[in-house]
Amino acid sequence: MTLIDSRPGIHAAYRALTAKTGVFVDADLAVTRLGPPLRAELSEWFPAEDVEEAVTTYRALYPDYAITPSVPMPGALAALAAVRELGLRVVVVTSKLGRLAHLHLDHLGMVADEVAGDLFAEGKAAALTEHGVRWYAGDHTADMVAARAAGVPGIGVTTGPCPAGELRAAGATHVLPDLTGFPALLGQIAVGY
């Protein structure tokens, strides 16, 4: 939850998944540990042989349940504007499927130059490199691993499941409580770029 607070919608999508499949998914618990790929969470609730079907069912439910309740995280719109003001590009690299990430961005009027989805941890590093990302902001230790693997500074935000100490231990160069301080930080670190 770096740019978008998708917890309310994901909660609703998990409840819909429970209703459709009859398999209980503790939506309250699941939304506290967002970040890793969907298969990891669904593996906690479904037998191994049913996980792929559960992933497909969840993703089919997602547009109807998860998009509308989502809201921008504090400071997200100003952070995107700050990137644009410096003449830089906005690249969203996420574990969410790209098409679902686009639905969120479109719903909230957020514009990204590139969206790379269905990636996690080191898997995000290739996209960061491919798109010439200079700094990577994220809310999970896996995001800091991705930044480190791509050779770019990681900017941790504590709006997700990982506290500041964990983000720093994972390699965050900077840690913010949310994105409200991002424009000022970007102004400092972008000097010379």
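Preceding block: the structure.
Residues numbered from 1 in each chain as written. Predicted model: local features only at pLDDT ≥ 70, side-chain atom pairs only at ≥ 80, totals over all residues. Heavy atoms only, no water.

**Here's the deal with the overall build of the chain**
Helices and strands together make up the secondary structure of the chain, namely ten helices and seven strands. Taking 193 residues into account, the globule formula puts the C-alpha radius of gyration at 16 Å, and the chain, at 17 Å, falls close to it. Here the C-alpha coordinates of the chain stretch approximately 55 × 30 × 30 Å along the principal axes. Here the chain holds 193 residues, and 50% of them are scored as buried. Here the analysis covers contacts within the chain between residues at least 6 apart in sequence; of these, 54% occur between residues at least 24 apart. For the chain, the computed accessible surface area is about 8900 Å², with 54% contributed by carbon and sulfur atoms. For the chain, the separation between the mean place of its 14 positive charges and that of its 21 negative charges on side chains is 3 Å. (Helix = DSSP H or I, 4+ residues; strand = E, 2+ residues; numbered from the N terminus. Rg over C-alpha atoms; globule rule 2.2 N^0.38 Å. Buried < 20%, exposed > 50% of the residue type's maximum accessible area, 1.4 Å probe, protein only. Contact = heavy atoms within 4.5 Å. Areas by Shrake-Rupley, 256 points an atom, 1.4 Å probe, with all protein chains shown as cover. Lys, Arg positive; Asp, Glu negative; His and termini not counted. Charge placed at Lys NZ, Arg CZ, Asp CG, Glu CD.)

**As for the pairing of strand S7 (residues 172-176)**
Successive side chains on a regular strand alternate, one facing one side of the sheet and the next facing the other. Note that strand S6 (residues 154-157) and S7 share four bridges and pair parallel. Paired with Gly-156 across the bridge in S7 is Val-175. (Pairing = 2+ DSSP bridges.)

**Quick look at the packing of helix H4 (residues 51-65) against helix H6 (residues 98-108)**
It is the contact of H4 with H6, at a shortest axis distance of 11 Å, that shows an interaxial angle of 10 degrees. Regarding the angle of H4 to H6, the classification is roughly parallel. Within the contact between the two elements, H4 uses Arg-59, Tyr-62 and Pro-63 and H6 uses Arg-99, Leu-100, Leu-103 and His-104. Residue composition of the contact of H4 with H6, by class: four nonpolar, one polar and two charged. (Axes fitted to C-alpha atoms, helices over the stretch in contact; angles between N-to-C directions. Parallel < 35°, antiparallel > 145°, perpendicular 65-115°, else oblique. Nonpolar A, V, L, I, M, F, W, Y, C, P; charged D, E, K, R; others polar.)

**Quick notes on unusual backbone geometry**
Even without being a glycine, Asp-118 presents a positive backbone phi close to 60 degrees. In this structure, Asp-118 sits in the loop between strand S4 (114-116) and helix H7 (122-130). Of the residues examined, Asp-118 reaches a relative accessible area of 40% and is grouped as partly exposed. Positive phi, close to 50 degrees, is recorded for Ala-121, a residue that is not glycine. With respect to the helices, strands and loops of the structure, Ala-121 is situated in the loop between S4 and H7.

**Looking at the environment of Val-51**
Tracing the backbone shows Val-51 in helix H4. For Val-51, a relative accessible area of 7% corresponds to the buried category. Linking Val-51 and Val-111, residues 60 residues apart in sequence, is a C-alpha distance of 33 Å. When neighbours within four sequence positions are excluded, Val-51 is seen to be in contact with Arg-39, Leu-42, Ser-43 and Phe-46.

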